[in-house]
Amino acid sequence: MSLASRAVTALLAVSALATAAVVGVAPAERAAAAPTATATATVQGSRYTPLDTTRVFDGAVGTTPVVVPVAGSAGVPSNATAVVVNVEVEAPTAAGYVRITPAGTDAQVALQEFPAGRTISNLATVKLAKGGVQVKVSAGSARVLLDVSGYYASGDGSTFTPLPTARVASPTVGTTPVPVELAGQGGVPDDATAVVVNVETNGPTADGYVRLTPLGRDASVATQEFTAGRTVSNLAIVRLVDGAAQVRLSRGSATVFLDVAGYYSASTSGSVFVPVDTARIESSTLGPTPRAVRATGVGGVPGTATAVVANVEVQAPSSDGYLRVTPAGQDATVAAQVFRAGEEVSAAVITKVTGSTAARALQAKVSRGTANDYVDVSGYFLDGTSASGTGVDVSWPQCGSSLPTDAAFAVVGVNGGLANNTNPCLSSQLSWAAGSSGGTSQAPVQLYVNTANPGKQASVWPASNTLPNGGPTVANPYGTCAGGYDRACSYVYGYTRAYDDARSRGVDSPASYRWWLDVETEGTWQADTTQNRADLEGMVAAFRAAGAQVGLYSTTFQWNSIVGTVPSSSSLAGLPSWIATGTTTLAAAQQACSGPALTTGGQVVMTQYVVGGFDRNATCV
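Residues numbered from 1 in each chain as written. Predicted model: local features only at pLDDT ≥ 70, side-chain atom pairs only at ≥ 80, totals over all residues. Heavy atoms only, no water.

What to know about the packing of aromatic side chains
With the rule as written, the count across this model stands at 14 aromatic pairs. Ring geometry for Y48 versus Y152: centroids 5.0 Å apart, planes at 50 degrees, classification tilted. Of this pair, Y48 sits in strand 1 (residues 47–61) while Y152 sits in strand 8 (residues 142–153), and the two are 104 residues apart along the sequence. Ring centres 5.0 Å apart and planes at 45 degrees place the aromatic pair F160 and Y264 in the tilted group. Here the residue F160 occupies a position in strand 9 (residues 159–169), and Y264 occupies one in strand 17 (residues 254–265), the gap between them amounting to 104 residues. Assessed through its relative accessible area of 0%, F160 is described here as buried. An aromatic cluster is defined as three or more aromatic residues linked by ring pairs; in this entry it consists of Y48, Y152, F160, Y264, F273 and F381. (Phe/Tyr/Trp six-rings, centres within 6.5 Å; stacked < 30°, edge-to-face > 60°. Helix = DSSP H or I, 4+ residues; strand = E, 2+ residues; numbered from the N terminus. Buried < 20%, exposed > 50% of the residue type's maximum accessible area, 1.4 Å probe, protein only.)

Remarks on the confidence of the model for the chain
The predicted model of the chain has a mean per-residue pLDDT of 89, with 92% of residues at 70 or higher. In this model, residues 1–40 is a region of pLDDT below 50 whose contacts with residues beyond four sequence positions or in other chains number 124 contacts. (pLDDT = per-residue confidence, 0-100. Contact = heavy atoms within 4.5 Å.)

Examining the environment of R280
Along the chain, R280 falls in strand 18 (residues 271–286). The contact partners of R280, leaving out residues within four places of it in the chain, are Q108, V109, E313, Y374, V375 and D376. A polar contact of 2.7 Å, which involves the side chain of R280, links it to the side chain of D376. (Polar contact = N/O pair within 3.5 Å; in protein donor to acceptor, adjacent residues only side chain to side chain.)

A word on the sheet that holds strand 7 (residues 132–137)
Sheet architecture is open: four strands sit in the order 2-7-4-5, paired in antiparallel fashion. Two strands bound the open sheet, and with one partner strand each, they are strand 2 (66–69) and strand 5 (112–114). Pairwise comparison of adjacent strand axes, ignoring direction, gives a mean angle of 25 degrees for this sheet. Pairing of strand 4 (residues 96–102) with strand 5, which is carried by three bridges, proceeds in the antiparallel orientation. Across the sheet, V98 pairs through a bridge with Q112, a residue of strand 5. (Pairing = 2+ DSSP bridges. Axes fitted to C-alpha atoms, helices over the stretch in contact; angles between N-to-C directions.)

Some details on the state of the cysteines
Should the sulfur atoms of two cysteines be covalently bonded, the bond is a disulfide. The full count for this structure, using the stated rule, is three disulfides. Each sulfur of the disulfide joining C399 and C425 lies 2.1 Å from the other. Handedness here is read from the sign of the S-S torsion; for C399 and C425, about 140 degrees, the answer is right-handed. Pair noted here: C399 is in the loop between strand 26 (391–394) and strand 27 (409–413) and C425 is in the loop between strand 27 and helix 2 (426–433), with a separation of 26 residues, a long-range link. Each member of the pair, C399 as well as C425, is classed as buried. In this model C593 forms its disulfide with C620; the gap between the sulfur atoms is 2.0 Å. Measuring handedness by torsion sign, the sulfur bridge of C593 and C620 sits at about -70 degrees and is left-handed. With C593 in the loop between helix 6 (586–591) and strand 32 (604–611) and C620 in the segment after strand 33 (614–619), this pair connects stretches of sequence that are 27 residues apart. Using a relative accessible area of 18% as the deciding quantity, one classes C593 as buried. With its disulfide-bonded cysteines labelled consecutively along the sequence, the chain is connected as 1-2, 3-4, 5-6. (Disulfide = S-S within 2.5 Å.)

Remarks on the sheet that holds strand 26
On the basis of which strands lie adjacent, the closed barrel formed by eight strands has the order 26-27-28-29-30-31-32-33 and mixed pairing. Sheet twist, expressed as the mean angle between neighbouring strand axes with direction ignored, is 25 degrees. Each of strand 28 (445–450), strand 29 (514–518) and strand 30 (549–554) touches helix 4 (residues 529–545); the most contacted strand, strand 29, lies at about 165 degrees to it.

Some words on the environment of V173
The topology assignment puts V173 in strand 10 (residues 172–173). Judged by its relative accessible area of 1%, V173 is buried. Taking the C-alpha atoms as reference points, V173 and N372, 199 residues apart in sequence, are found 33 Å from one another. The contact partners of V173, leaving out residues within four places of it in the chain, are V178, V247, R248, L249, G252, S253, A254 and V256.

Re helix 4
Residue pairs spaced three or four apart in an α-helix point in one direction, given the helix's 3.6 residues per turn. Taking 1.5 Å of rise per residue, 17 residues should cover 24 Å, and helix 4 covers 24 Å from first to last C-alpha, within 8% of that figure. Here helix 4 lies mainly inside the structure; twelve of its 17 residues are buried. Among all positions of helix 4, only Q531, N532, R533, A534, D535, L536, E537, G538, M539, V540, A542 and F543 are buried. Of the residues flanking the end of helix 4, it is G547, one or two places downstream, whose phi is positive at about 85 degrees. (Expected span 1.5 Å × (residues − 1).)

Comments concerning unusual backbone geometry
Only a minority of non-glycine residues have a phi that is not negative, and only a minority of peptide bonds are not trans. Phi is positive for A74, which is not a glycine, with a value near 55 degrees. On the secondary structure map, A74 appears in the loop between strand 2 and strand 3 (80–90). Within the chain, D242 stands out as a residue other than glycine whose phi angle is a positive 55 degrees. Within the secondary structure layout, D242 lies in the loop between strand 15 (232–239) and strand 16 (244–249). Residue D242 is classed as exposed on the basis of its relative accessible area, which comes to 71%.

Some points on the pairing of strand 28
Among the six residues of strand 28, six are classified as buried, and the element is accordingly described as predominantly covered. A two-sided burial pattern is seen for strand 28, the buried positions comprising V445, L447 and V449 on one face and Q446, Y448 and N450 on the other. Taken together, the four bridges between strand 27 and strand 28 define a ladder with parallel strand orientation. Across the sheet, V412 pairs through a bridge with L447, a residue of strand 28. With helix 2 bridging strand 27 and its parallel neighbour strand 28, the resulting β-α-β unit is right-handed. Alignment of strand 28 against strand 29, held across four bridges, turns out to be parallel. If you follow L447 over to strand 29, its bridge partner there is W515. The parallel pair strand 28 and strand 29 is bridged by helix 3 (residues 487–504), and the resulting crossover is right-handed. (Right-handed = clockwise from strand over helix to strand, strands pointing away.)

Thoughts on the pairing of strand 16
Within strand 16, six of the six residues are buried, leaving the element largely enclosed by the surrounding structure. Both faces of strand 16 are covered, namely the face carrying A244, Q246 and R248 and the face carrying A245, V247 and L249. Where strand 11 (residues 178–181) lies against strand 16, four bridges are found, and the strand directions are antiparallel. Its bridge partner lying in strand 16, V178 is registered against V247. In this sheet, strand 16 lies alongside strand 13 (residues 208–214) in antiparallel orientation, the contact comprising five bridges. Bridged to V210 within strand 16 is L249.

Shown next as structure tokens:
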């Protein structure tokens with residue numbers, strides 16, 4: 001029905017309540033050819049290609065964003081979707097922070113904070129927009145260096161496998177490169193192409209920086225900067241050569257701890273990457289007790305995500321300490337970032353998320369005292385053999401269209417635009433829906449039906465409580481229908497529509513589905529909202545008599561316009577809600593999950609948004 005796009009139109013057309021033909025207003029007709037179906041859902045994610053670290057930018061940056069073209073240079077192809085880049089800020093003239101975001105997007109996220117004059121470094125995974133990124137500082141100016149160490153793109157490349165964080169090495173390092181075997185350690189296989197590793201430099205004897213590079217490669221890049229005696233920690237993604245990397249300091253010596261959080265390989269069972277515009281998913285207070293941070297179902301991260309890419313910022317810590325970010329339920333001995341009392345710091349993290357698809361989570365803590373924390377997600381990983389983690393709904397307007405192949409669940413329209421007819425592509429679209437991957441709390445295949453209460457405009461209106469064509473006699477809570485345009489006959493009309501939907505549209509086993517009632521102002525409705533409520537209650541009764549579950553689809557505006565206030569005694573009360581948002585992003589649709597249900601006692605279990613010409617659906621449970 002292109003549900004959400006119709007819903008947006010309806011918000012601007014209250015007059016549609018009193019107008020329409022027969023039973024409903026259908027979108028423009030299309031050829032009723034069978035749509036392209038798929039037997040297996042797949043996701044169009046990106047795979048990683050590690051590179052020898054290459055500098056792509058070295059220049060002065062101020063408070064006005066500087067756009068840096070990346071695709072097409074430094075080994076990054078034109079079809080790259082995101083890049084992994086080390087961002088170094090040198091000699092800032094004022095205290096502040098650096099931001100690096102997709103070109104043209106200035107998200108409210110601090111990649112790393114710095115005091116005036118202090119050089120800092122941090123890793124970032126950044127979505128590309130028009131092949132580029134942009135960088136700025138919040139105050140003053142600074143020299144900024146950007147070093148690319150890999151990219152994500154569709155097609156060839158490596159998938160990612162997240163691991164429980166594990167310490168794999170702790171060598172004493174000086175200015176001579178020290179080889180570090182990573183393949184075969186901490187769950188990293190021999191065929192790994194790159195690893196995600198947290199690098200902690202402990203007790204350096206002199207000011208300087210640490211370099212973590214592929215074995216035999218000594219690129220001019222600082223993984224992290226440090227001052228004598230001060231422990232620092234940073235995330236790195238390093239390409240492996242013969243299963244190894246190498247680490248060295250620019251001056252002095254230190255103990256370097258390496259903690260692996262995942263690896264990249266050619267495995268087809270690994271996870272693929274989906275970049276997003278940076279979104280904040282957490283703003284709270286941390287203490288020494290680990291606290292779960294919900295990562296899925298917010299910020300555009302679907303419930304089937306295996307890991308997230310994020311930046312974690314710590315503000316106003318009450319004492320010296322360190323930050324730990326790990327999969328929920330695991331408190332590994334690893335410092336994502338080390339800080340001093342009152343200092344603001346940020347840490348890039350790539351961490352596995354654990355838990356149910358409704359709320360997979362990471363966990364965070366500080367070692368001492370308390371601190372404010374902010375978690376900003378810039379992407380997530382999905383099982384490469386699974387689907388997108390989101391749903392798709394289709395009906396007769398999609399006849400003849402190639403349907404998405406990445407649906408985790410699907411909702412198929414039973415009607416052909418009017419409440420009293422059949423979608424000509426119902427059978428083939430149900431076959432397509434059967435290829436949904438599942439993996440979420442939503443049933444893989446669901447149905448929706450058009451609704452209306454046309455009254456005098458109906459082609460056939462009931463004159464008794466007995467359905468036509470040998471149908472049953474309905475137990476009517478509003479009394480006896482005698483052909484009037486009232487609640488009693490509205491109830492029978494709704495019952496008749498649902499009775500036909502369940503038995504006459506070609507749906508096998510109607511009891512095995514949830515049937516959503518599509519309630520929109522584009523349908524024909526009575527001015528009396530209590531009659532419209534009775535109509536929908538009749539539909540609920542018919543579907544329940546068939547053994548099916550029922551839900552309500554609408555927007556709050558349309559629902560209130562058509563149905564009005566629903567008393568707790570109504571059969572509509574407590575039904576699950578599916579809310580059309582009209583938005584174009586998963587993150588925005590997820591925000592609507594926390595909105596009010598359509599009826600008292602109900603719950604928003606699904607929200608709808610529009611992208612790529614199709615209605616997509618986010619699960620809220």
